[in-house]
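Chain by chain, the residues:
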Amino acid sequence: MKHLGTQTIETKRLILRKFELKDAQYMYDNWASSDEVTKYLTWKLHKDVNVSKEWIEFLISNYNKKNFYEWGIILKDIDQPIGSIRVVDLKENINAVHIGYCIGKKWWRQGITSEALSALIDFFFDKVGVDRIESRHDPNNVNSGRVMQKCGMKYEGTMRKSDVNNQGIVDCSYYAILKSDRA
């Protein structure tokens, strides 16, 4: 892999970019404080905007690393972050990345998350040189699986009681796309 770090990526409706301190209130208001958004996630909802600010400070302190990838999903129409998408696991030994994402409820079912994930699939295959991109979801969160399917990821199976999220110990469905799948 040729690590490039979190670079700005533009799509038809979105700008994927590094978080900035000024984004803390948007992060908190638009998704991080929502029980519904965080229901199936592995991190707790933010109790106040200071938690969002601390998270963004952590991100900013890591953006200088070439193998660190986390983007704010900026909706061009309103010029503010409405979600995030990131590499949650790098598997250097097999040239793979595991991607996680979330978006505010107000923007669910509009193809926005699929647009962001699709852009990252292109970025990681074409520029970073990965061979495999994977993601996972709680089977009760069907819409997350639909995002993966829409982006050409293939269902690889469900592991029973193999993950922990805000619902407790849960099953976990895995999806992936290989660079060779695009040929």
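What comes next is a walk through the structure. (Residues numbered from 1 in each chain as written. Predicted model: local features only at pLDDT ≥ 70, side-chain atom pairs only at ≥ 80, totals over all residues. Heavy atoms only, no water.)

1. Regarding the side chain of Asp138
For Asp138, the position within the fold is in the loop between β6 (132-137) and α5 (142-150). Polar contacts involving the side chain of Asp138 include one to the main-chain amide nitrogen of Asn140, which spans 2.8 Å. Among the polar contacts listed, one links the side chain of Asp138 to the side chain of Asn165, at a separation of 3.0 Å. Setting aside residues no more than four positions away along its own chain, Asp138 makes contact with Tyr40, Asn165, Val170 and Asp171. (Helix = DSSP H or I, 4+ residues; strand = E, 2+ residues; numbered from the N terminus. Polar contact = N/O pair within 3.5 Å; in protein donor to acceptor, adjacent residues only side chain to side chain. Contact = heavy atoms within 4.5 Å.)

2. Focus on the sheet that holds β6
Spatial ordering of the open sheet is given by β1-β2-β3-β4-β5-β6-β8-β7, a layout of 8 strands whose pairing is mixed. Across the chains shown, the open sheet's two edge strands, defined by having one partner strand only, are β1 (9-10) and β7 (154-165). Sheet contacts for α5: β5 (96-103), β6 and β8 (168-178); angle to β6, the most-contacted strand, approximately 160°. (Pairing = 2+ DSSP bridges. Axes fitted to C-alpha atoms, helices over the stretch in contact; angles between N-to-C directions.)

3. Observations concerning the environment of Ser180
Looking at the element boundaries, Ser180 is found in the segment after β8. A relative accessible area of 53% means that Ser180 is categorised as exposed. Each C-alpha atom of the pair Ser180 and Glu10 lies 24 Å from the other, and the pair is 170 residues apart in sequence. (Buried < 20%, exposed > 50% of the residue type's maximum accessible area, 1.4 Å probe, protein only.)

4. Some remarks on the packing of helix α4 (residues 112-128) against α5
Running from N to C, α4 and α5 point in directions that differ by 45°, and their axes come no closer than 9 Å. In terms of axis orientation, α4 runs oblique to α5. Like other packed secondary-structure pairs, α4 and α5 cross with a definite hand, here right-handed. Listed contacts from α5 to Thr113, Ser114 and Leu117 of α4 are Val147, Met148 and Lys150. (Parallel < 35°, antiparallel > 145°, perpendicular 65-115°, else oblique. Left-handed = near helix turned anticlockwise from the far one by under 90°.)

5. Quick notes on the layout of surface pockets
One number sums up the size of the largest pocket: a volume of about 1,100 Å³. What lines the largest pocket is a set of 50 residues, and nearest its centre among them are Leu41, Tyr101, Cys102, Asn141 and Ser144. Considering every element that reaches the lining of the largest pocket, the biggest residue donor is α5, with 7 residues. Its residues assigned to classes, the lining of the largest pocket comprises 21 nonpolar, 16 polar and 13 charged. (1 Å grid on protein atoms, 1.4 Å probe; cavity = no way out; pocket = protein on both sides within 12 Å on 5 of 7 lines; lining within 4 Å. Points joined across faces, edges and corners; volume = space filled by probe spheres on them. Nonpolar A, V, L, I, M, F, W, Y, C, P; charged D, E, K, R; others polar.)

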